[in-house]
Amino acid sequence: MTGPVIIDVQLYEPQALADAQAALGDTLLLVQVTSAETFAQAHPPGAVLVEPAELVSGEPPATGKLPSAERIAAVLERIGYSPERQVVALDDEGGGWAGRLLWTLDCIGRRDWGYLNGGLHAWHGAGLPLVNGPCTATPANAPVTVTIDRSPIADQAEVLAAIDDPEVQIWDVRSAAEHAGLRRAAARVGHIPGALNTDWLLLQDPDRQYRLLEDLPGFLAEAGLEPASKAIITHCQTHHRSSLSYLVGRLLGFHSIRAYDGSWSEWGNDPNTPIHNPAAGEERS
């Protein structure tokens, strides 16, 4: 997977991104989604910082839900966003938090963006310069206003309807232990009935500086995913890990992919949702 994949999103290798920075100048907005501490230690020249906590509502139990339009607008205004600038995201973990920013852009109708394959690790591995110090982003010249487009979002009712819909697949990217009900991260354990499980870590390759797995289509086909013919809803615990699976779906051109941002923190803490708990050998509704 190199270069543009579909018309509105682009997967960048490090040198290609460095070349794009040189060619586009301030037209390109490079956003590093990490902690402030990591950013201060190392970031590509010209990058601005968005911290992960800025991309989630933080409201329990489903702390990973999309923030309000006003909160999103304030973050974008702070980093100098404008619709005319090309946004490219990176992180330090193989795509989870960068994917979360890019999903957020999709949720405000900004569906053209780029992702640095492998993020900070790949940039460093390519021998490209890194600088240190705090973020010194220049705020946007004009107020930023956004409107939420819910087409990339699946809510709990839509996930519930998807369980019995043969045209929809639910893609759970939590660990196998969480999926099987062997690890507790909510009041109830197990998984949404019928959900397919692939640990999000299997989508990235630590031996290639955390770039995306080279044969993602083959891997996903083997896992049973059918994105050419079925709509996909992906989730994890808080829609952090599933931001990577959403990103993968967009880069591969899935005909329909949405993220359940309530994820298991909402589903597993609701006493009325159906679950399948293999560890207990039972299904509850």
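Residues numbered from 1 in each chain as written. Predicted model: local features only at pLDDT ≥ 70, side-chain atom pairs only at ≥ 80, totals over all residues. Heavy atoms only, no water.

Student: Describe the overall build of the protein, with residues and values.
Tutor: Tallying secondary structure elements over the protein gives 10 helices and 14 strands in all. By the compact-globule yardstick of 19 Å for 285 residues, the protein fits well, its C-alpha radius of gyration being 19 Å. Referenced to the eigenvectors of the C-alpha coordinate spread, the extents of the protein come out at roughly 55 × 40 × 35 Å. The 285 residues of the protein split such that 54% are buried. When contacts within the protein are restricted to residue pairs at least 6 apart in sequence, those whose partners lie at least 24 apart make up 73%. Taken as a whole, the protein presents about 12,000 Å² of accessible surface, with 52% of it coming from carbon and sulfur. (Helix = DSSP H or I, 4+ residues; strand = E, 2+ residues; numbered from the N terminus. Rg over C-alpha atoms; globule rule 2.2 N^0.38 Å. Buried < 20%, exposed > 50% of the residue type's maximum accessible area, 1.4 Å probe, protein only. Contact = heavy atoms within 4.5 Å. Areas by Shrake-Rupley, 256 points an atom, 1.4 Å probe, with all protein chains shown as cover.)

Student: I'd like a description of unusual backbone geometry, backed by residues and values.
Tutor: A cis amide bond, omega 0°, links proline 60 with the succeeding residue proline 61. Mapped onto the fold, proline 61 is located in the loop between strand S4 (48–50) and helix H3 (69–78). The backbone of glutamine 209 sits at a positive phi, close to 55°, despite the residue not being glycine. Summarising the element assignment, glutamine 209 is placed in the loop between strand S9 (204–205) and strand S10 (211–212). A residue is classified by how much of its surface remains accessible, and glutamine 209, at 33% relative accessible area, is partly exposed.

Student: Just give me the short version of helix H1 (residues 14–24), but keep the residues and values in it.
Tutor: Taken residue by residue, H1 has Pro14, Leu17, Ala18, Ala20 and Gln21 as its buried positions. Projected down its long axis, H1 carries its buried residues within an arc of 160°, all on one side. Seen from the open side of H1, the exposed residues pointing more than 90 degrees away from its buried face are Ala22 and Ala23. Where H1 is buried, its residues contact strand S2 (9–12), strand S3 (28–33), strand S5 (86–90), strand S6 (113–116), helix H5 (119–125) and S10. Directly beyond the C-terminal end of H1, a positive phi value near 60° is found at glycine 25. (Arc of directions from axis to C-beta.)

Student: Quick rundown of the pairing of strand S7 (residues 168–172)? Include the residues and the values.
Tutor: The element S7 is largely enclosed, with a buried count of five among its five residues. Neither face of S7 is left uncovered, since the one carrying Val168, Ile170 and Asp172 and the one carrying Gln169 and Trp171 both have all their residues buried. For S7 and strand S11 (residues 231–235), the ladder comprises five bridges, and the chain directions are parallel. In the strand pairing of S11, valine 168 is matched with alanine 231. Here S7 runs beside strand S8 (residues 196–197); their pairing, made up of two bridges, is parallel. Residue pairing across strands places aspartate 172 opposite asparagine 197, the latter belonging to S8. (Pairing = 2+ DSSP bridges.)

Student: Summarise empty space enclosed by the protein; cite the residues concerned and give the values.
Tutor: Scanning all chains against the criterion turns up one cavity of 30 Å³ or more. A volume near 40 Å³ is recorded for the largest cavity. Along the walls of the largest cavity sit Glu54, Leu55, Ile72, Val75, Leu76, Leu101 and Thr104, which together make up its complete lining. When contributions to the lining of the largest cavity are tallied by element, the ones reaching two or more residues are H3 and helix H4 (96–107). The leading source of residues in the lining of the largest cavity is H3, at three residues. In terms of residue class, the lining of the largest cavity is made up of five nonpolar, one polar and one charged. (1 Å grid on protein atoms, 1.4 Å probe; cavity = no way out; pocket = protein on both sides within 12 Å on 5 of 7 lines; lining within 4 Å. Points joined across faces, edges and corners; volume = space filled by probe spheres on them. Nonpolar A, V, L, I, M, F, W, Y, C, P; charged D, E, K, R; others polar.)

Student: Explain H3 to me, using residue names and the numbers behind them.
Tutor: Among all positions of H3, only Ala69, Ile72, Ala73, Val75 and Leu76 are buried. Here the buried residues of H3 occupy an arc of 160° about the axis, which is enough to place them on one side. Where the residues of H3 are buried, they touch S4 and H4. Phi turns positive, to about 85°, at glycine 80, one or two residues after H3.

Student: Residue-level account of the sheet that holds strand S12 (residues 257–259), with values.
Tutor: Pairing within the open sheet is parallel, and its four strands lie in the order S8-S7-S11-S12. Strands with a single pairing partner mark the edges of an open sheet, and in this sheet they are S8 and S12.

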